[in-house]
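Spelled out from the first residue to the last, the chains are:
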There are 2 protein chains.
Amino acid sequence: MIIHTKEPFNAEPSLARLRASSITAQPDFYVRSHGKIPQLDEKTHRLHVAGEVRTPLDLSITELRDRFTLSTVTAVMQCAGNRRLDMQAVKPTSGDPWAPGAIGNAEWTGVSLADVLQAAGASAEPGLHVAFEACDEIEMPDEGRFNYGVSIPIGKAMSPEVLLAFEMNGEALAREHGYPLRVVVPGFAGVRSPKWLTAIIVQDRPSDNHMQQRDYKLVPAEMTANTVNWDQGITIYDMPLNSAICEPAARAEMKAGLATLRGYAIATAREVVRVDVSIDGGRNWRQAELEHDAEAPWSWSFWTATVDLPKGEHELAVRAWDSAGQTQPAQPDDTWNFKGYLSAAWHRVHVSAT
Amino acid sequence: MIIHTKEPFNAEPSLARLRASSITAQPDFYVRSHGKIPQLDEKTHRLHVAGEVRTPLDLSITELRDRFTLSTVTAVMQCAGNRRLDMQAVKPTSGDPWAPGAIGNAEWTGVSLADVLQAAGASAEPGLHVAFEACDEIEMPDEGRFNYGVSIPIGKAMSPEVLLAFEMNGEALAREHGYPLRVVVPGFAGVRSPKWLTAIIVQDRPSDNHMQQRDYKLVPAEMTANTVNWDQGITIYDMPLNSAICEPAARAEMKAGLATLRGYAIATAREVVRVDVSIDGGRNWRQAELEHDAEAPWSWSFWTATVDLPKGEHELAVRAWDSAGQTQPAQPDDTWNFKGYLSAAWHRVHVSAT
C-alpha cells in the first residue's frame, strides 16, 4: 500500500495491484480514516435506531444477523478525493494526494438498511434524512473532538442496494474497513458509508456533523479555505463518471511496439457505454474493450486496449462515456476546487518508449 | 420560428422567445420531422398494441381516453441534434444546424404507457423492448420509403412518466406536434417519442427500423458517413447534461455595465445543482441563480445571472453541474461526431459592449 498518513491511517494500493482483480481483496482496498481506528468487539457492539421511527431499536450484531435477511451486493466504494493528485498539479488543494487508487470493488454482505428502517417503523416521507453516527473520534483544531457522522436522503436509504455490512468478500470486515459494522451506500462517495457504525437516526434535516456541513461539499472554483461559504457548497452524494489508466504506470519506460493499456471506468447509477484511449494526449482516440458484470450494476467496468507505441515520449489518455452520452472534462483545471474533490478529468499518463 | 427546412418541416424558436416562459407554447415549440406531416383525424385514428402481449389491443382515441386514467407530466422534449451548430463550427457534420432552440418544455396530458401495456398483458421481462410505429413516411436515397419507427427498453416504457399524449399545455396537439397521438418519453432524446403513433409492439430486440439501427447513435469521432459502422454506435436514449445562454443573443451589441444573462439547463433524470457563468470565455466563473419547479422533475431549470460587462469584446460562457458532480466538457471538439449529436460543451456567446 502507498501510505499517505499513518494516523489517521490513509492508504491506497498500487494501480497494477488494483487492476489485477475486479474484486478488490481487503488488504488491497484503500483505507480512508479521519481518526484512530477503533478497537471494537462484535460480541458487545450495539446499533441504535432512533429519531422519526415508531419503535426505536437497540440491536447486537447477532440480533441484526438473526432478525433480517442477509444479502450480498457487489459495489464500488470510492473516496470523494480519488485522483486528487491530478487536481493538485493545477494548483494546491487541501487533503491527501490520492492517485486513482482511492477506489475498490467488493462483495459486501449484510442486511438491507431499508429492512432495518421498516422494522423500526421509520417514515419514508420525502425530505427526511437518515443520519449515521460512528465511534471513530476526530480531532480538529477549530472543532475540538467529535464522533464521525453524516447523512443520506431517505429515498436512497430505502433503496435495496444500501446495506449495513458485516463482511467484505465473504470475510469479516477488517478493523480498518469498519469491523464489526459499516454502511455501504453504492454509488455515493465513501464519506456517506460510515465504518464502525453505532447509530441510525431518521430526521427532518441532514446531519449537523462537521463531516456533513463543513466538508465533503463541491465548492465553486473561486472559494478558498479562507473565503469558503459552506452553505454554497453542494453536498457530495452520487459520484461523477470517471476512469483511469492503471497500466502502464506513470513515467513507465516501455518497449516501442504493441502495448496493452488497462484500467477501470465507473458511472455509478448509470452504465459505462464506451471508453476511449489515446496515445497522443487526446488528439486521436480509439475504443477500448469493456468488461462489465451485468449482474453487478454497482460494480465498475474494467477496460483493455492494445496500442502501437512508436519510439518517443507519449501522453496516454483515457475518457469514459456514460449511458446518457455524457463524457469527462478534458482538463483538471476545468473542475478545480480547493478541497480537491471529484477529480474526474481525462486521466493522463506519460510514458517513454525505446 | 427559424426554419431549417420546409419539407420535412424543421424549425426552432428564437432563444429570447424560448426563455420567455418555462412552459413553451405550441407555436414556439421546435418541430423536428422526417417526412411530410400527416393529415390525421382523431375520430378514425387507431392504435394497435401487439407483440409479446396476452391480449392485443386495437383502440380508438376515445377508447384510450375512456379506458385509462388521464395524467399530466411536465417534461422537456429535446432533439438529439440540439446545439449541433456549435459542433459544426469545429468541422462539418450532417444534419440541420440547430441552435440551442431544438428543445422545449410542455405539460403533456395523456395516458400512461405502462397502463396500456398492462391492459394488454405485456411482459415486463428485462431485455424486452417496446417498439413504436408511426404513420409519417420517410424517403431516403438508399432505403426507399418506410414509416418512422423506434423503440425504448421495457424498463423505461413501464416508468410512470412515459405517456401516450393527446394534449400539450391543455390544448389538443397541433398537427406538427403529433396530432392526434404521440409518445412522450421524458429524459430521452426526442427521436424516442414518435408523433402520429399507430402501433406499439413488445418484442425481444430493439426496433429494426432505419431510425433505430442506422441513425441516432453516438459514434466515435473517427467515423465518417463513409466509414461508419452503426453496430459500434451507442443508441441515444437518455440525454446528457446541457445548458445554454438565451439572452443576450449571439453577437449582441450591448451597453457596458450591468447586464442580465438568462438561459436554461437540463440534467434529464438528474438534478441541475449549479450553473456557472463566465464573461471571459471560462477563465473565471460565478454562479447563476436557479429556478426549478421541484414538483416537475422532468422539467428544465431556468437560470439568471447579473454581470458587469466592461467595454470591449466578450466571450460569455455557461456550464451546468448535475447532482452527481458531473459537468459539461469545455470544447465542442472534445465530443465531435459526424452526425453532430449530443452537442453539450460549454455554450459560448460573443458580444460587444460599448
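Because the structure is a prediction, the values reported are computed rather than measured.

Residue and element names in this part refer to chain A. Assigned domains within chain A: domain 1 (2-235) and domain 2 (242-353). On a C-alpha basis, the centres of domain 1 and domain 2 stand 27 Å from each other. Between domain 1 and domain 2, the residue contacts involve 43 residues of the former and 35 residues of the latter. The contact between domain 1 and domain 2 buries some 3300 Å² in all, and 63% of this surface belongs to carbon and sulfur atoms. Its salt-bridge partner being Asp215, residue Lys339 comes within 3.0 Å of it at the nearest N-O pair.

Moving on: the sheet that holds strand 17 (residues 253-254) of chain B. Hydrogen bonds between backbone atoms are what pair the strands of a sheet, whose relative direction is either parallel or antiparallel. Residues and elements named next belong to chain B. One open sheet accounts for 5 strands, arranged 17-24-23-19-20; its pairing is mixed. One side of each edge strand has no neighbouring strand; the edge strands of this open sheet are strand 17 and strand 20 (286-287). Across 2 bridges, the pairing between strand 19 (residues 272-278) and strand 20 is antiparallel. What sits directly across from Val277, in strand 20, is Arg286.

UniProt tags residues 34-210 of chain A as "domain: Oxidoreductase molybdopterin-binding" (unreviewed entry). Annotated as 14% helix and 39% strand, the span residues 34-210 of chain A places its first and last C-alpha atoms 12 Å apart.

To continue, consider the interface of chain B and chain A. Opposite the 30 residues of chain B that make contact, chain A presents 30 residues. The contact between chain B and chain A buries some 2400 Å² in all, and 52% of this surface belongs to carbon and sulfur atoms. Taken as a group, Arg274, Gln326 and Asp334 of chain B account for 21% of the area that chain B buries against chain A, more than any other trio of residues on that side. Summed over the shared surface of chain B and chain A, the result is 0 salt bridges. Our count for the contact surface shared by chain B and chain A stands at 4 residue pairs in polar contact (both at pLDDT 80 or more). Elements supplying a minimum of two residues to the side of chain B that touches chain A: strand 19 and strand 23 (312-322) of chain B. A total of 3 residues in the side of chain B that touches chain A trace back to one element, the largest contributor, which is strand 23 of chain B.

Of all hydrophobic cores here, the largest spans 50 residues; its most connected members are Leu64, Leu113, Leu117, Val130, Phe132, Leu164 and Ile200 of chain A. Apart from residues lying up to four places away in sequence, Phe132 of chain A is in contact with Leu113, Tyr148, Gly149, Val150, Ile152, Val183, Arg192, Pro194, Leu197, Ala199 and Ile200 of chain A.

Turning next to unusual backbone geometry. Residue and element names in this part refer to chain A. The peptide bond linking Glu7 to Pro8 adopts the cis configuration, its omega dihedral lying at -5°. By the secondary structure assignment, Pro8 is in the loop between strand 1 (2-5) and strand 2 (10-12). Even without being glycine, Arg83 reaches a positive phi, approximately 70°. In this structure, Arg83 sits in the loop between strand 6 (70-78) and helix 3 (84-88). Here Arg83 falls in the buried class, since its relative accessible area comes to 1%. Located in the positive-phi region is Asn169, a residue other than glycine, with phi close to 55°. Structurally, the position occupied by Asn169 is in the loop between strand 10 (163-168) and strand 11 (171-172).

Scoring rules and cut-offs
Residues numbered from 1 in each chain as written. Chains lettered and ligands numbered in written order. Predicted model: local features only at pLDDT ≥ 70, side-chain atom pairs only at ≥ 80, totals over all residues. Heavy atoms only, no water. Domains from an automatic or database assignment. Contact = heavy atoms within 4.5 Å. Buried area = accessible area lost by both parts, 1.4 Å probe. Salt bridge = Lys/Arg side-chain N within 4 Å of Asp/Glu carboxyl O. Pairing = 2+ DSSP bridges. Helix = DSSP H or I, 4+ residues; strand = E, 2+ residues; numbered from the N terminus. UniProt positions renumbered as here; feature names shortened; annotations may be inferred. Polar contact = N/O pair within 3.5 Å; in protein donor to acceptor, adjacent residues only side chain to side chain. Core = buried A, V, L, I, M, F, W, Y, C linked by side-chain atoms within 4.5 Å. Buried < 20%, exposed > 50% of the residue type's maximum accessible area, 1.4 Å probe, protein only.

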